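Residues per chain are reported as follows:
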Amino acid sequence: MSFAATLLCCTAIQAPAFAAEAAAEEPAPEEGKEIVVTGSLGALPVADVGSVFGFDKTLTETPRSASTISSEQIERFGISDIYDLVAQAPGTFTNSFFGVGGALDIRGTPGEVYFRGMRRLDNPGNYPTPIGASDRIDIVRGPASPIYGPSKTGGYMNFVPKTARVKGGSYLSHPEGEVSFTGGSWDKADLKAEMRGPGKIGSQEFGYSLFAEVEDSGSYYRNISTKNTVLQAAFDTDFTPNLRLEFGGMYQNFKGVQNGGWNRLTQDLVDNGTYITGSAQSIDDNGDGQISAGEFIAHGNNFGPFGVPASSFTDSSFNPLMALTDTGTAKLSRRDVLAGKNDRLDTRATTLYADLIWEGDDDWSVKNQAFYDSYENINENSYGFAQFHDSWVFEDKIVVAKKFENDLGKFAFQLSPSIRYTDFKHGDDFDYEYFHRVDLTKGYTAASDRLLATECPLSDEPGYTAADCGYNNYVSGHYTDYAMAGLADIDFAFGLGITVGARYDYVKAKSTYDITKMLPADVADLGGLYSASGSKGAWSWSASANYKLPFGLIPYATIARQSTVIAGQGAELYAGDIAGKTFISASKLYEGGIKGSFLDDRLYAALSVYKQKRTDYNIQSITVNQSVETKGLEAEARWSVNDHLLITGGYTRTKVYNLTALENGTLFSFFGIEDLVNVTDPTLYLGGQPIGLVLIPDKNASRRAGIPTNLYSLTATYAFDNGIALSASAVKVDSVYSGQSQVVKLPAYTKVDLSASYETGPWLFRVVVKNATNERYFRANFTELFGSTIVLPETPRSWQGSIVYKF
């Protein structure tokens, strides 16, 4: 059965959703008035958004590849995490970052997360980004506009929270809200409540929007559960007809576990579920039930030869203590993964904002945006990885804007000085990260459970020292970005549009290691460089043009250069990078395409082709900001057929190349079983971890693994007049390699999600079935380092049901 036929067939059987929308015919909108297309779920790009360039333009008029997902789409299709967004927006397929949906991969490389147009701290997998309180999610493909500051090559998500005003700018006339409960497979339990309305303190009127979510859910996977609390508030008040204040914030307390997936990865494990069993030999010398770094060191090299290709390994390359005992094979359940009973991923994140906005009568405006974001994070995994972050950022940005119009066209200009201060403290423990010591059919024992640096009782038991269980990095510091940006947007009356901008960032940074908390070998690797201060400046610029042709067609082209700060998973910078002035890099973007809005704005279509690449090949964060070149094509269409039926479709073609690996001819990696072709028995080393250099002889070998070349998506939803709504979404994904060495191939798959809902009066009842065809599929995990050693088996068919009361 074809992909489209599968989706349409499943839609006819059952499907996501809610109630029919009003079907009244709208008169032609006046100039400058908002266009409303009934039945569209807000999916059509007819409203102005400022998240791409900072100017209020529709996505059709904006010369960049971008998509929006409305709160109505999120509700109708049962979207519960960022991985679900791939069906709604092209270019957003995302590899697993140990099972935690922190940020999307956009155009095949890690993206950023923005909140109301302000960049949050890096979140590759520190906590799942909440989407339930969003009024809209904007996805911009490619580096950000100069107005938004240094950003990664791939792109970004911008979350627009629900506000205290109705569309058009006025306060609500009365309070409104809803309460919902969602339950489902694997003990899912999620309670949400929200309320919006007007208020008054003395004579000062204001609007408010409040949201709360509390989740306490189990998981398909053993030893994994989720406790998550999200609180969000937004307030809005007018001091004068020209001056208003918007302020609010969000707090999240997440307690969960990262998911490394399956270890001991082979092609046979992927294809048939055949798993190599066996127990690691105990080296727990002090009998405390865990293995410290000091105990690993005392028993010699557990990695095999250093700095050599996989073909150099033979049966005689390994320490005998690396061999497993009681070996065999078994069929492995997808529920059995690397999560241990005592593993944890705990994060508290706080976001605050305050915007003071003055709008003059002569089209002048001044906006001061103050923004704060922080997280405290601790991450512990029994196989041998731990980290913590205690970081925060404060940014203040002023945007002075002027608009005017004459016979030549419409003109808009912005000037924006800003200052952004980031304070970080970060530690990690990864030198003795042994995925394979645990037999997943049995679970962790004293022979496989690591004593992590975050668990090390240095202060309680004098017998332990940093040499026993210290960190590999323990670093703190800060950096300040002083910036000035300017933008101009010109729409000539004859149809030509031009948008240009430039920005200069001057970043001062300082970073210091606390060597008293680090392993001696890692201290020695620093070569005496324990602290560094420095500064560096960087230019960013962009130039775009489009032209309004007859029949609603708008071709466009963009060329841009955007700077990026190479920070780590906890927003940290390292002394060596500061001393070498390699903590700032840049990317270039070349993009062209054509967009159009047809059938009285009921049909939107867009096609883009692009090439984007980092300019410095030897500067990268392998975890969150790789040096890559990406080439691709993105196409999407959204059609509100009538007041009942909405259909969307997308196609993505992506090829991502690691430029550092291509330049060097090699890339450091953990070797998997399929890499070591000259080793006849993998049980000889699965108690350790062979490492070395993956050979990159040509550009094809440098392709980033896990990202499919071709991806197709299709969604449909139909709302009946009686309150019943049916929906379906499907994503067809090419087969991919799991890791950089291209030795294990993950199968292609088609994933179908279905939903049905019924709305009557204030009540809404919804049922969502995810992976409705029970497809067996996998997601690659941290492909550059670990892709050939571990893989995440995705969940089978599941369901969730919601009861919503609106008032």
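Residues numbered from 1 in each chain as written. Predicted model: local features only at pLDDT ≥ 70, side-chain atom pairs only at ≥ 80, totals over all residues. Heavy atoms only, no water.

Draft legend 1. View of the side chain of Asn-228. In this structure, Asn-228 sits in strand E11 (residues 226-238). Using a relative accessible area of 7% as the deciding quantity, one classes Asn-228 as buried. Looking at Asn-228, its side chain comes within polar contact range of the side chain of Gln-252, at 3.2 Å. (Helix = DSSP H or I, 4+ residues; strand = E, 2+ residues; numbered from the N terminus. Buried < 20%, exposed > 50% of the residue type's maximum accessible area, 1.4 Å probe, protein only. Polar contact = N/O pair within 3.5 Å; in protein donor to acceptor, adjacent residues only side chain to side chain.)

Draft legend 2. The sheet that holds strand E5 (residues 118-119), seen in detail. Spatially, E1-E6-E7-E4-E5 is the arrangement adopted by the five strands of the open sheet, whose pairing is mixed. Across the chains shown, the open sheet's two edge strands, defined by having one partner strand only, are strand E1 (66-70) and E5. The pairing of E1 with strand E6 (residues 134-141) spans five bridges and is antiparallel. From the neighbouring strand, Ser-67 faces E6, where its bridge partner is Ile-139. (Pairing = 2+ DSSP bridges.)

Draft legend 3. The arrangement of the packing of aromatic side chains in detail. The tally for this structure, following the rule as stated, stands at 45 aromatic pairs. Ring geometry for Tyr-651 versus Tyr-712: centroids 5.1 Å apart, planes at 40 degrees, classification tilted. Pair noted here: Tyr-651 is in strand E26 (residues 645-658) and Tyr-712 is in strand E29 (residues 710-719), with a separation of 61 residues, a long-range link. Taking relative accessible area as the criterion, Tyr-712 reaches 33% and is therefore assigned partly exposed. Centre to centre, the rings of Phe-670 and Phe-786 are 4.8 Å apart; their planes meet at 80 degrees, and the pair counts as edge-to-face. (Phe/Tyr/Trp six-rings, centres within 6.5 Å; stacked < 30°, edge-to-face > 60°.)

Draft legend 4. Molecular detail of the nonpolar core. Among the nonpolar cores identified, the biggest contains 41 residues, and Phe-98, Trp-262, Phe-435, Leu-746 and Phe-786 are the most heavily contacted of them. Only helix H3 (267-272), helix H4 (293-298) and helix H9 (783-786) provide two or more residues apiece to this core. The contact partners of Phe-98, leaving out residues within four places of it in the chain, are Gln-258, Asn-259, Gly-260, Tyr-383, Phe-435, Asn-781, Phe-782, Phe-786 and Ile-790. Within the second largest apolar cluster, 32 residues are counted, among which are Tyr-474, Leu-526, Ala-532 and Ala-575. (Core = buried A, V, L, I, M, F, W, Y, C linked by side-chain atoms within 4.5 Å. Contact = heavy atoms within 4.5 Å.)

Draft legend 5. The pairing of strand E21 (residues 531-547), seen in detail. Here strand E20 (residues 496-513) pairs with E21 via 17 bridges, running antiparallel. Bridging from a neighbouring strand, Arg-503 pairs with Ser-540 of E21. Of the strand pairs in this sheet, E21 and strand E22 (residues 553-565) are connected by six bridges, and their pairing is antiparallel. The partner of Ala-543 across the bridge, within E22, is Ile-559. Linking two consecutive strands that pair antiparallel, namely E21 and E22, is a turn of five residues; a positive phi of about 65 degrees is found at Phe-551 within it.

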